[in-house]
Amino acid sequence: MVTGVLCASLACAIMPVYASGGYLGVGAGIGSSVDATTNAQAYAGLYTNGTYTKSRLAFNVFAGYQFNRYVAAELEYINFGSYSLTRTAPWGGYTETDTIGAASVAAVGTWPITPMFSAFGKFGFAASMDKATEYSYNSRTTTAINIMFGAGGAVNLTKHFALRLEYDQYDGIGKSGYEYTAGPFTQVAASALYMF
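Below: a short report on this structure. (Residues numbered from 1 in each chain as written. Predicted model: local features only at pLDDT ≥ 70, side-chain atom pairs only at ≥ 80, totals over all residues. Heavy atoms only, no water.)

1. Section: the overall build of the protein chain
- Scanning the protein chain from N- to C-terminus turns up two helices and nine strands.
- Along the protein chain, helices and strands appear, N-terminal first, in the series α-β-α-β-β-β-β-β-β-β-β.
- Across the 196 residues that make up the protein chain, the buried fraction comes to 41%.
- For the protein chain, the proportion of contacts with a sequence separation of at least 24, taken over those separated by at least 6, is 64%.
- Summing over all exposed atoms, the protein chain offers an accessible surface of approximately 9800 Å²; the carbon and sulfur share of this is 69%. (Helix = DSSP H or I, 4+ residues; strand = E, 2+ residues; numbered from the N terminus. Buried < 20%, exposed > 50% of the residue type's maximum accessible area, 1.4 Å probe, protein only. Contact = heavy atoms within 4.5 Å. Areas by Shrake-Rupley, 256 points an atom, 1.4 Å probe, with all protein chains shown as cover.)

Encoded structure:
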């Protein structure tokens, strides 16, 4: 009897992550880009080598609506941080710094494993912006729209709060010919959600 009451109380306190309703979230993780050092070495056949930073702390905020236990829609903004590439040549070289962000809209499919745990996958489109600066004064901004997708898991802590861990990939960021930031960019992030 006591065990049954405790289980019922726990079930009420820990509502499923996939319960219908809206949610807001914020997260942080490691954002990484494909090592396109080859692009730096091959640019115009002039630059012989380069050093490249590949990973940065990334931040994201998102909002979504869970229509039912299986389907949700989500809007997200992610800041990948700033990446730098130093190109060298016999007569010298320069450093290019890129600040990269993306906004996405995605459909989210949820697989309830238990009332407390669920797995999810998402697929959508992202509008990205890559602001590149060379020689500290020459800057240009490249925008692109490409696909994004991700997968992860979520665990409910209370009726309104949950945590999730996920992997996301954003394709084609900064694709403008010779920039090393031609994507894809990836993120492994931990997020906190408030459900209402």
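2. With respect to the pattern of salt bridges
- Under the counting rule described, the total for this entry stands at six salt bridges.
- Among the ionic pairs, E166 bridges to K122, the shortest N-O distance being 2.9 Å. Of the two residues, E166 is situated in strand β8 (residues 161-170) and K122 in strand β6 (residues 117-134); the sequence distance between them amounts to 44 residues. Of the two residues, E166 and K122, neither departs from the other in class, the shared state being buried.
- Under the relative-accessibility criterion, K122 is labelled buried at 5%. (Salt bridge = Lys/Arg side-chain N within 4 Å of Asp/Glu carboxyl O.)

3. Observations regarding the packing of aromatic side chains
- Taken as a whole and judged by the stated rule, the model has seven aromatic pairs.
- A connected cluster of aromatic rings, assembled from ring pairs, spans F80, Y170 and F185.
- Against the face of F62 rests R164, its NZ or CZ located 4.3 Å from the ring centre. (Phe/Tyr/Trp six-rings, centres within 6.5 Å; stacked < 30°, edge-to-face > 60°. Lys NZ or Arg CZ within 6 Å of the ring centre and 35° of its normal.)

4. Details of the nonpolar core
- In this structure, A58, I78, F80, Y83, I100, A102, A106, A126, M148, Y170, I173 and F185 together form the largest nonpolar core, which totals 12 residues.
- For this core, the secondary-structure elements that each account for two or more residues are β4 (71-89) and β5 (92-112).
- Ignoring sequence-local partners within four residues, the contact set of Y170 consists of E76, I78, F80, A102, S104, A126, I147, M148, P184 and F185.
- Ranked by size, the runner-up nonpolar core spans eight residues in total, among them F62, A72, A162 and M195. (Core = buried A, V, L, I, M, F, W, Y, C linked by side-chain atoms within 4.5 Å.)

5. Regarding a nonpolar patch on the surface
- On the surface, L75, V105, F123, F125, I145, I147, F149, L165, Y167 and V188 cluster together into a nonpolar patch covering about 950 Å² of accessible area.
- Residue assignment for the nonpolar patch shows that the elements contributing at least two residues are β6, β7 (138-156) and β8.
- In terms of residues, the nonpolar patch owes the most to one element, β7, which gives three residues.
- Looking at where L75 falls in the secondary structure, it is placed in strand β4.
- The class of L75 is exposed, set by a relative accessible area of 52%. (Patch = residues over 30% accessible without salt bridge, like charges linked within 9 Å, V, L, I, M, F, W, Y side chains within 5 Å.)

6. Side note on the environment of S139
- Relative to the elements of secondary structure, S139 occurs in strand β7.
- On the basis of relative accessibility, which here comes to 39%, the residue S139 falls in the partly exposed class.
- The spacing of S139 and D98 is 41 residues in sequence and 9.3 Å in space, taken between C-alpha atoms.
- Residues within four places of S139 in sequence aside, it is in contact with K131, A132 and T133.

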